[in-house]
Amino acid sequence: ATFCTSLIHPTTSTMSCFNGLLMGMGNPLLDISSEVGQDMLDKYEVQLDSAILAEEKHEPIYKDLVDNYSPKYIAGGATQNSIRVAQWMLKSAGMADATAFMGCVGKDEFGETLAKCAAGDGVLTHYMQDADTPTGVCAVLVKGGERSLVTKLDAANNFKPSHLETPKAKEIIEAAKFYYIAGFFLTVSVESLKAVAEHAVAENKTFCLNHSAPFIIDFFGDQVAEAMPYADYLFCNESEAAAYAKKHDLGDDLKEVALKVAALPKKNTSRPRTVVFTQGGKSTIVARDGKVTEYAVEPLSKDLLVDTNGAGDAFVGGFLSQLVQDKDIEAAVNAGHYAARHIIQVSGTQLDAECDYKA
């Protein structure tokens, strides 16, 4: 069944529809992105190529960026980015209105910006709104093509399982056949993740998970352990894979680690787990059914690299765009590489250009 909705703010006339294929749930965030110098990284004690939640010492970073760096405001949040990219690629395959997303935003301008951006990319959003808390933001510090992310969740942190009981949420969950949730959501509502994942198991639908960042593995290990048995597909980058391997004594060889993670217990025994480790410009590792395969990444010349922010999210979006069409793993990985390659040539996850992907 196809159903449509107008945006959460009735001042806009954009309609979004969902005909039931891929649903994401996560932390909708507005990226505040700018090129910075090493002095800015040092000032706030952040490392390049890291993703962290803001502590007290990071609080002034957002105003600092706005006042001194003329930043770009870009729709973000890992899961929403992946769903937007998947829809961008699905549209080029003639599949409009195939995606939906849920998360929590504030009743403010940033929330409206996120809704407009998602609708513009063809994604149906069913946001929970928190009138008392501002929409979450992510400071994106870019230096030499690498990025550091400092997230202030705010409203995104207030998603409640009760939202899944709303009529539209029930419709979306029932209609979808594939579900994707990034690990960042494990800090917000494991109960909500499990509600969706249990539905996927009961209906033999496909549930996909991402470990998202080493800090999730290191500091939210119990939540990761609760989510893992539901994962039909697990995505990690090399640093997350290494952090998981270290925590669980799985060794240093990432191919072996992928095989071991693929063999961990899972709720839905009717299909094997597929584990996908991306490694930036190095080959992507896929483990499934006791076999591991590597897929080479086509190198990108350094002068074409704008920033790596969103590359992992884009890979997942590209991968999912083929998975939901019942394409094989090689086709899914190729599409993931294409999407990541596109996104690292623009600032953040901006999808202004038409998708010209040919499978």
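In the block above lies the structure referred to throughout.
Rules used in this analysis
- Residues numbered from 1 in each chain as written.
- Predicted model: local features only at pLDDT ≥ 70, side-chain atom pairs only at ≥ 80, totals over all residues.
- Heavy atoms only, no water.
- Salt bridge = Lys/Arg side-chain N within 4 Å of Asp/Glu carboxyl O.
- Helix = DSSP H or I, 4+ residues; strand = E, 2+ residues; numbered from the N terminus.
- Buried < 20%, exposed > 50% of the residue type's maximum accessible area, 1.4 Å probe, protein only.
- Arc of directions from axis to C-beta.
- Contact = heavy atoms within 4.5 Å.
- Disulfide = S-S within 2.5 Å.
- Pairing = 2+ DSSP bridges.
- Axes fitted to C-alpha atoms, helices over the stretch in contact; angles between N-to-C directions.
- Core = buried A, V, L, I, M, F, W, Y, C linked by side-chain atoms within 4.5 Å.

Asks: What is the right way to look at the pattern of salt bridges in this model?
Replies: Any two side chains of opposite charge can pair, on the condition that their charged atoms come close. A full pass over the atoms with the stated rule returns 13 salt bridges. Here lysine 152 makes a salt bridge to glutamate 59, at a shortest N to O gap of 3.6 Å. Here glutamate 59 lies in the loop between strand 5 (50-53) and helix 2 (61-68) and lysine 152 lies in strand 12 (residues 146-152), a separation of 93 residues in the sequence. Among the residues examined, lysine 152 registers a relative accessible area of 23% and is labelled partly exposed. With relative accessibility at 39%, the residue glutamate 59 sits in the partly exposed group. A salt bridge links lysine 266 to aspartate 232; its shortest N-O distance comes to 2.6 Å. Taken together, the residues lysine 266 in the loop between helix 10 (254-262) and strand 16 (274-279) and aspartate 232 in the loop between helix 8 (221-227) and strand 15 (233-237) connect sequence positions 34 residues apart. You can call lysine 266 buried: its relative accessible area is 15%. Since its relative accessible area comes to 2%, aspartate 232 is described here as buried. A network of salt bridges, in which partner residues are shared, links Asp232, Lys266 and Arg271.

Asks: It is not clear to me how helix 2 should be interpreted in this structure. Could you clarify?
Replies: Each α-helix winds once per 3.6 residues, and so residues spaced three or four apart point in a common direction. Three or more residues of helix 2 are buried, namely Ile61, Tyr62, Asp64 and Leu65. For helix 2, the angular spread of buried residues about the axis comes to 165°, placing them on one side. On the buried face of helix 2, the contacting elements are strand 4 (29-35), helix 1 (38-43), strand 11 (136-143) and strand 12. Following helix 2 by one or two positions, serine 70 has its phi on the positive side, about 45°.

Asks: Would you explain the state of the cysteines in this entry?
Replies: Each disulfide is one covalent bond, formed between the sulfur atoms of two cysteines. Under the definition given, this model contains zero disulfides. Between cysteine 117, a free cysteine, and cysteine 138, which holds the nearest cysteine sulfur, the sulfur-to-sulfur gap is 15 Å.

Asks: Looking at this model, I keep getting lost on the sheet that holds strand 5. Mind explaining?
Replies: Paired through their backbone hydrogen bonds, the strands of a sheet run either parallel or antiparallel. Strand order in the open sheet formed by five strands is 5-12-11-4-6, and the pairing between neighbours is mixed. Edge positions in the sheet fall to strand 5 and strand 6 (72-76), since each has one partner strand and no second. The average angle at which neighbouring strand axes cross in this sheet is 25°, direction not considered. Pairing geometry for strand 5 and strand 12, over four bridges, is parallel.

Asks: Would you mind going over the nonpolar core with me for this structure?
Replies: Here is a general trend for soluble globular proteins: nonpolar side chains tend to be buried in one another's company. Judged by nonpolar contacts, the single largest core of 63 residues is most densely connected at Met23, Met25, Met102, Phe159, Phe207 and Phe277. Ranked by size, the runner-up nonpolar core spans 48 residues in total, among them Leu114, Val123, Tyr180 and Ile329.

Asks: Mind showing me how you'd approach the sheet that holds strand 7 (residues 99-102) here?
Replies: Here nine strands make up an open sheet; going across it, the order is 9-7-3-13-14-15-16-17-18 and the pairing mixed. Strands with a single pairing partner mark the edges of an open sheet, and in this sheet they are strand 9 (124-125) and strand 18 (291-295). Sheet analysis places strand 15 next to strand 16, joined by five bridges and oriented parallel. By the bridge assignment for strand 16, cysteine 236 is matched with phenylalanine 277. The strands that helix 5 (residues 167-175) touches are strand 3 (22-25), strand 7, strand 9 and strand 13 (178-182); relative to strand 7, the one it contacts most, it runs at about 135°. Sitting on the sheet, helix 9 (residues 238-247) touches strand 14 (206-210), strand 15 and strand 16, and the angle it makes with strand 15 is about 105°.

Asks: Sorry, what's going on with the pairing of strand 16 here?
Replies: Remember that side chains alternate between the two faces of the sheet whenever the strand is regular. Strand 16 sits mainly inside the fold: six of its six residues count as buried. Burial along strand 16 is two-sided: the residues Thr274, Val276 and Thr278 and Val275, Phe277 and Gln279 are all buried. Where strand 16 meets strand 17 (residues 282-288), four bridges bridge the pair, whose relative direction is antiparallel. Pairing of phenylalanine 277 across the sheet is with isoleucine 285, part of strand 17. Between the antiparallel neighbours strand 16 and strand 17 lie two residues, among them glycine 280 with a positive phi of about 60°.

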